[in-house]
Amino acid sequence: LDAVGFCDQYITIKSQDANIPYVFNSLSDTIYVNYTILEYSTGIGNADFIGDNTIDNGGLTNWTINPPQPRTLYWVGGNGSWSDPAHWSLASGGTPGECMPTLEDDVFIDANAGFAPNDSVIIDIELSYCKSVDWTNAPNNPIFMTYRNDATYFVNGSLTAINNMNFAYNN
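Reading the values: the criteria
Residues numbered from 1 in each chain as written. Predicted model: local features only at pLDDT ≥ 70, side-chain atom pairs only at ≥ 80, totals over all residues. Heavy atoms only, no water. Helix = DSSP H or I, 4+ residues; strand = E, 2+ residues; numbered from the N terminus. Buried < 20%, exposed > 50% of the residue type's maximum accessible area, 1.4 Å probe, protein only. Core = buried A, V, L, I, M, F, W, Y, C linked by side-chain atoms within 4.5 Å. Pairing = 2+ DSSP bridges. Disulfide = S-S within 2.5 Å. Contact = heavy atoms within 4.5 Å.

S.K.: Before we go on, may I ask you to explain the environment of isoleucine 65 in this structure?
M.R.: Here isoleucine 65 lies in strand 10 (residues 64–66). In this structure isoleucine 65 comes out as partly exposed when scored by relative accessible area, which is 22%. Considering only alpha carbons, one finds isoleucine 65 and asparagine 34, 31 residues apart in sequence, at a separation of 9.8 Å.

S.K.: How do you make sense of the nonpolar core when you look at a structure like this?
M.R.: Nonpolar side chains tend toward joint burial in soluble globular proteins. By size, the foremost hydrophobic cluster in this structure holds 18 residues, and its most contacted members are Trp82, Ile109, Phe115, Val121 and Trp135. Listed by contribution, the elements that provide at least two residues to this core are strand 11 (72–75) and strand 15 (120–123). Core analysis: the next-biggest nonpolar cluster, separate from the first, contains ten residues, Ile13, Ala47, Phe49 and Trp63 among them.

S.K.: Looking at this structure, I do not really get the sheet that holds strand 3 (residues 22–25). What am I missing?
M.R.: The strands that make up a sheet are held in pairs by hydrogen bonds between backbone atoms, and each pair lies either parallel or antiparallel. Sheet architecture is open: three strands sit in the order 3-6-9, paired in parallel fashion. Since the sheet does not close on itself, it has two edges, and those belong to strand 3 and strand 9 (60–61), each with one partner. Where strand 6 (residues 41–44) meets strand 9, two bridges bridge the pair, whose relative direction is parallel. In the sheet register, threonine 42 faces strand 9, and the bridge partner there is threonine 61.

S.K.: Help me understand the state of the cysteines in this model?
M.R.: Counting across every chain of the model gives one disulfide. In this model cysteine 7 forms its disulfide with cysteine 99; the gap between the sulfur atoms is 1.6 Å. Taken together, the residues span a long stretch of sequence, with cysteine 7 in the loop between strand 1 (3–4) and strand 2 (11–14) and cysteine 99 in the loop between strand 13 (88–89) and strand 14 (106–108) at a distance of 92 residues. For cysteine 7, a relative accessible area of 25% corresponds to the partly exposed category. Residue classification places cysteine 99 among the buried residues on the basis of a relative accessible area of 12%. Here cysteine 130 is not disulfide-linked; the sulfur of cysteine 99 is the nearest cysteine sulfur, at 16 Å. Judged by its relative accessible area of 0%, cysteine 130 falls in the buried class.

S.K.: Hey, could you run me through the side chain of threonine 42 in this one?
M.R.: By secondary structure assignment, the location of threonine 42 is in strand 6. What threonine 42 contacts, discounting residues up to four positions off in sequence, is Pro21, Tyr22, Val23, Phe24, Thr61 and Trp63.

S.K.: Got a minute to help me understand the pairing of strand 3 in this structure?
M.R.: Side-chain positions along a regular strand alternate between the two faces of the sheet. Side chains Tyr22 and Phe24 of strand 3 all project onto a buried face; the interleaved residues Val23 and Asn25 project onto a face where none is buried. Bridging between strand 3 and strand 6 involves four bridges; their strand directions are parallel. Across the sheet, valine 23 pairs through a bridge with threonine 42, a residue of strand 6.

S.K.: Would you mind showing me how to read the sheet that holds strand 4 (residues 31–34) here?
M.R.: Across the sheet, which stays open at both edges, the four strands sit in the order 1-4-7-10 with parallel pairing between neighbours. Two strands bound the open sheet, and with one partner strand each, they are strand 1 and strand 10.

S.K.: What am I meant to see in the environment of asparagine 141 here?
M.R.: You can see asparagine 141 is positioned in the loop between strand 17 (132–134) and strand 18 (143–146). Taking the C-alpha atoms as reference points, asparagine 141 and serine 28, separated by 113 residues in sequence, lie 56 Å from one another. Setting aside residues up to four positions removed in sequence, asparagine 141 forms contacts with Asn163, Asn164 and Met165.

Don't take any of this as a statement about function, it's just geometry.
Below is the structure:
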């Protein structure tokens, strides 16, 4: 198995049927994955089943999961796409270049987000995550939107919106 993704391109491995987990059977090797999202999987045999920087989306048996380290991320640079590292920083108004959020990360979209009127945060990938997202003090009534009909956005904790912001789907 060669499932090694990147912090901005997780590999998703899941069963097509939540009632029937997929099985990894290995008698002696270590089954290792990195930057993956695992769902409904069972590891059997004498192997160690290890996922580093891995999201446990539920239904795992016999896996050792080491999730990504939690971060506090800030949106910077105004209008743009969720998956673009040019919009993620470790400081409000700080230097961009961080990978997009995971389920472990708290997100702040604040006064230093760089929004002009009608700017958007665009969900541009199939699966987007964060632990919590707080739009408090985001300027110029931003739009949170997607163009994708297959996009799913998971907030594992809380979502704080502001007055006069818009949530939109445009196709």
